[in-house]
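Inside the fold
Residue strings, one per chain:
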Protein chains: 2
Amino acid sequence: MPSPTPTRARMSADRRREQLLDVTKEMVGEQGFHAVSIEGVARRAGITRPVVYGHFDDLGALLEAMVEREGTRALAQLAEILPTELAEGGSPRDDLLAGLSGYLAAVAADPITWRLVLMPPEGAPPVLREQISRGRDAVVAALADVVRPGLGPGSESPDAELTARMLSSVADESARLMLTDPSRYPRERLLAHAAWLLRQLEPG
Amino acid sequence: MPSPTPTRARMSADRRREQLLDVTKEMVGEQGFHAVSIEGVARRAGITRPVVYGHFDDLGALLEAMVEREGTRALAQLAEILPTELAEGGSPRDDLLAGLSGYLAAVAADPITWRLVLMPPEGAPPVLREQISRGRDAVVAALADVVRPGLGPGSESPDAELTARMLSSVADESARLMLTDPSRYPRERLLAHAAWLLRQLEPG
DNA sequence: GCCCGATGTTACAGCCGTGTAAGTTGCCTC
DNA sequence: GAGGCAACTTACACGGCTGTAACATCGGGC
């Protein structure tokens, strides 16, 4: 992530807008949504409030714009990961593991954004929850497709959607552990355990 | 939950204190921590700010006291549930299922408090996270004890702590689903699925 | 090279929450 | 039934954030 250029120089509207969103994201990451104010963002960006108002109607609009941008990025990352899981290639188990691996990589690469998704803070604009819920539904749907046929004969889930949700929840919990205590829960440990878990779910 | 008596009458210090905590809990439940203010609590309680200051040093202390009280209650509820899981009685699977069942019942009985635990909102005093983390560790430890010997021969977990965490995470996700969409995810559906899941984890 | 629009600032009025000091009122006791 | 303490209110000084209007300045294009 490029540092949010606390430049004093003048900026084009586009650059300024991006910078303000960067600053907002940083502040949310550090202190949460409730700590963000137009005043604070302006101060941190090295400018004055009216400039911010020139770009965003009010605090809500600013936060929404930030969430919108980050959400879009996160969904794009997901889009790159999910197809992997549906590849007709390997076994469902390998697909799921590859998906988890990609997911953890994406989370590690942009912790602030994914922290928003994984620990959705109150005070966030409703757009966030909607976006998260949309993303999660996509994931669950994809997982359900993998799970429905069963990981092997005799292990068909009686409730594919719920199974998918639980898998998604396990993946999220893994990501959460990695985010909050990476030294104790390195990616290899999480992946190794997931591999064991999925093996258990196979018949025989 | 007794309604928080918006009485105008004078109150004993103890009753007033409890009422203020009730009001605070309500407001947090409705609008989140960030929306709570001494002013707001006083207004809702039908009194003036100095009364609140008579009981709590500042907003932080008020929120901490509320979290403290609710946390203690939640931990007490957990304490009633957890031993069940360790009962030498039935199979590990039955113990785990009974534990989940009790957990879901507790959550349904006091949604506001458990929502705090399951969806820990930013803006909450650090005490909350500490209390949650303490509670979760207790649960994970208990689950790990159940899981370590394996749910059956040949199914010993290579990483009991992580397995326990995943089980705990699945239970939490179940509770979360029940809280956010009870008609779609009634307790029976969640329990039935958990039963299937645990059966899959058994060997053979 | 100068001019005009875009970028940015200073300044003001207002709202809401904080915390405290001083005074008032109700209740319980002796 | 009068004192006295606990419960409560009124009132004030203060600080931070919100929006907006009026003014200043930079810089690219003709």
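All of the points below concern the structure found in this document. All of these numbers come straight from a predicted model, not from anything done at the bench.

1. Side note on the layout of surface pockets
In this structure, the largest pocket spans a volume of roughly 1,600 Å³. In terms of lining, the largest pocket is formed by 49 residues, of which the most central are Leu118(A), Leu118(B), Met119(B), Pro120(B) and Arg176(B). Going through the elements one at a time, helix H7 (126-147) and helix H8 (160-180) of chain A together with helix H1 (13-31), helix H6 (111-118), helix H7 (126-147) and helix H8 (160-180) of chain B are the ones with two or more residues in the lining of the largest pocket. For the lining of the largest pocket, the residue count by class is 17 nonpolar, 11 polar and 21 charged. Looking at the second largest pocket, its volume works out to about 390 Å³. As for the second largest pocket, its lining consists of 20 residues, and the residues nearest its centre are Gly29(A), Gly32(A), Arg115(A), Glu122(B) and Arg129(B). Broken down by secondary-structure element, the contributors of at least two residues to the lining of the second largest pocket are helix H1 (13-31) and helix H6 (111-118) of chain A together with H7 of chain B.

2. Quick notes on the protein's contact with DNA strand D
Around DNA strand D sit 19 residues in total, of which Glu39(A), Arg49(A), Met11(B), Arg16(B) and Thr48(B) are the nearest. Expressed as a percentage, the sugar and phosphate content of the atoms of DNA strand D within 4 Å of the protein is 56%. At a separation of 3.3 Å, a phosphate oxygen of DNA strand D approaches a polar side-chain atom of Tyr53(A). Between DNA strand D and Met11(B) there is a distance of 3.0 Å, counted from a phosphate oxygen to a backbone nitrogen or oxygen. Put simply, the parts of the chain that give the surface near DNA strand D at least two residues each are helix H2 (38-45) and helix H3 (49-55) of chain A together with H1 and helix H3 (49-55) of chain B. When grouped by side-chain class, the residues that make up the surface near DNA strand D number 9 nonpolar, 3 polar and 7 charged.

3. Let's talk about the pattern of salt bridges
Here the idea is simple: oppositely charged side chains can pair when their charged atoms come close. Residue and element names in this part refer to chain A. Counted under the stated rule, the structure contains 36 salt bridges over all chains. With a shortest N-O distance of 2.8 Å, Glu 18 and Arg 69 are connected by a salt bridge. Linking Glu 18 in helix H1 with Arg 69 in helix H4 (residues 59-86), this pair joins segments that are 51 residues apart in sequence. A salt bridge links Asp 110 to Lys 25; its shortest N-O distance comes to 3.4 Å. With Asp 110 in the loop between helix H5 (92-109) and H6 and Lys 25 in helix H1, this residue pair connects regions lying 85 residues apart in the sequence. Grouping residues by exposure puts Asp 110 and Lys 25 together as buried. In this structure, a network of salt bridges that share partners links the residues Glu 18, Asp 22, Lys 25, Arg 69, Glu 70, Arg 73 and Asp 110.

4. Some details on the protein's contact with DNA strand C
Among the 18 residues in the neighbourhood of DNA strand C, the closest are listed as Arg10(A), Arg16(A), Thr48(A), Arg10(B) and Arg49(B). Expressed as a percentage, the sugar and phosphate content of the atoms of DNA strand C within 4 Å of the protein is 53%. One nitrogen or oxygen atom from the side chain of Tyr53(B) is found 3.1 Å from a phosphate oxygen belonging to DNA strand C. For the surface near DNA strand C, the secondary-structure elements that each account for two or more residues are H1 and H3 of chain A together with helix H2 (38-45) and H3 of chain B. Taken together, the residues of the surface near DNA strand C sort by class into 8 nonpolar, 3 polar and 7 charged.

5. Some remarks on the packing of aromatic side chains
Residues and elements named next belong to chain A. Going through the model one piece at a time under the given rule, you end up with 2 aromatic pairs over all chains. Ring geometry for Tyr 103 and Trp 114: centres 5.5 Å apart, planes at 80 degrees, overall edge-to-face. Of this pair, Tyr 103 sits in helix H5 while Trp 114 sits in helix H6, placing them 11 residues apart in sequence. Looking at Tyr 103, the relative accessible area reads 10%, which means it is buried.

6. What to know about the interface of chain B and chain A
The interface of chain B with chain A comprises 30 residues on the first partner and 30 residues on the second. With both sides pooled, the region where chain B packs onto chain A buries about 2,900 Å², and carbon together with sulfur makes up 59% of that total. Of all residues in chain B, the largest losses of buried area upon contact with chain A belong to Glu122(B), Met166(B) and His193(B), amounting jointly to 22% of the total for that side. Between the two partners, chain B and chain A, sit 6 salt bridges. At the surface where chain B touches chain A, the tally comes to 13 residue pairs in polar contact (both at pLDDT 80 or more). With 10 residues, the top contributor of residues to the side of chain B that touches chain A is H8(B).

7. Comments concerning the packing of H6(B) against H8(B)
All names here are of chain B. Across the interface, H6 lies against H8 with an axial gap of 11 Å and an inter-helix angle of 130 degrees. The angle between H6 and H8 falls in the class oblique. Of the two possible hands of crossing, H6 and H8 adopt the one that is left-handed. Across the interface between the two elements, Pro 111, Trp 114, Arg 115 and Leu 118 from H6 touch Asp 172, Ala 175, Arg 176 and Leu 179 from H8.

Conventions used here
- Residue positions within a chain follow its written sequence, with the count starting from 1.
- For this description, chains carry letters from A and ligands carry numbers from 1, given in the order in which they are written.
- Note on the predicted model: pLDDT of at least 70 is required for a residue's local features to be given, and 80 or more for side-chain atom pairs to be given and counted; whole-chain, interface and lining totals, by contrast, use all residues.
- As a rule here, side-chain values come from all non-hydrogen atoms in the structure, and water together with hydrogens is ignored.
- Think of a 1 Å grid over just the protein atoms. A cavity is a set of points where a 1.4 Å probe fits yet cannot get out, a pocket is an open set with protein on both sides within 12 Å along at least five of seven lines, and lining residues have an atom within 4 Å of a point.
- Grid points are joined across faces, edges and corners, and a volume is the space filled by probe spheres set on the points.
- Here a strand is any run of E in DSSP of at least two residues, a helix any run of H or I of at least four, and the numbering for each starts at the N terminus.
- Gly falls in the polar group here, along with every residue not listed as nonpolar (Ala, Val, Leu, Ile, Met, Phe, Trp, Tyr, Cys, Pro) or charged (Asp, Glu, Lys, Arg).
- We call a residue near a molecule or strand as soon as one heavy atom of that residue lies within 4 Å of the molecule or strand.
- The definition of a polar contact used here is a pair of N or O atoms within 3.5 Å, where within protein one atom must be able to donate a hydrogen and the other to accept one, and adjacent residues in sequence count solely through side-chain atom pairs.
- The salt bridge criterion pairs a side-chain nitrogen of Lys or Arg with a carboxyl oxygen of Asp or Glu, the two atoms within 4 Å.
- Between buried and exposed lies partly exposed: a residue is buried under 20% and exposed over 50% of the maximum accessible area for its type, with that area taken using a 1.4 Å probe on protein chains only.
- Put simply, two rings from Phe, Tyr or Trp (the six-membered ring, in Trp's case) pair if the centres are within 6.5 Å, and we call them stacked under 30 degrees between planes, edge-to-face over 60, tilted for the rest.
- Note on definitions: a residue-residue contact is assigned when non-hydrogen atoms from the two residues lie within 4.5 Å.
- Here the quantity called buried area is the accessible surface, traced with a 1.4 Å probe, that two parts lose on coming together, added over both.
- Every axis in this analysis is a line fitted to C-alpha atoms, fitted for helices over the stretch in contact. Angles between the N-to-C directions lie between 0 and 180 degrees.
- Should an angle fall under 35 degrees it is taken as roughly parallel, and over 145 as roughly antiparallel, whereas 65 to 115 is taken as roughly perpendicular and any remaining angle as oblique.
- In this scheme the handedness of a crossing depends on how the near helix is turned from the far one: anticlockwise by less than a right angle means left-handed, clockwise means right-handed.

Keep in mind that these numbers describe shape and distance, not what the molecule does.
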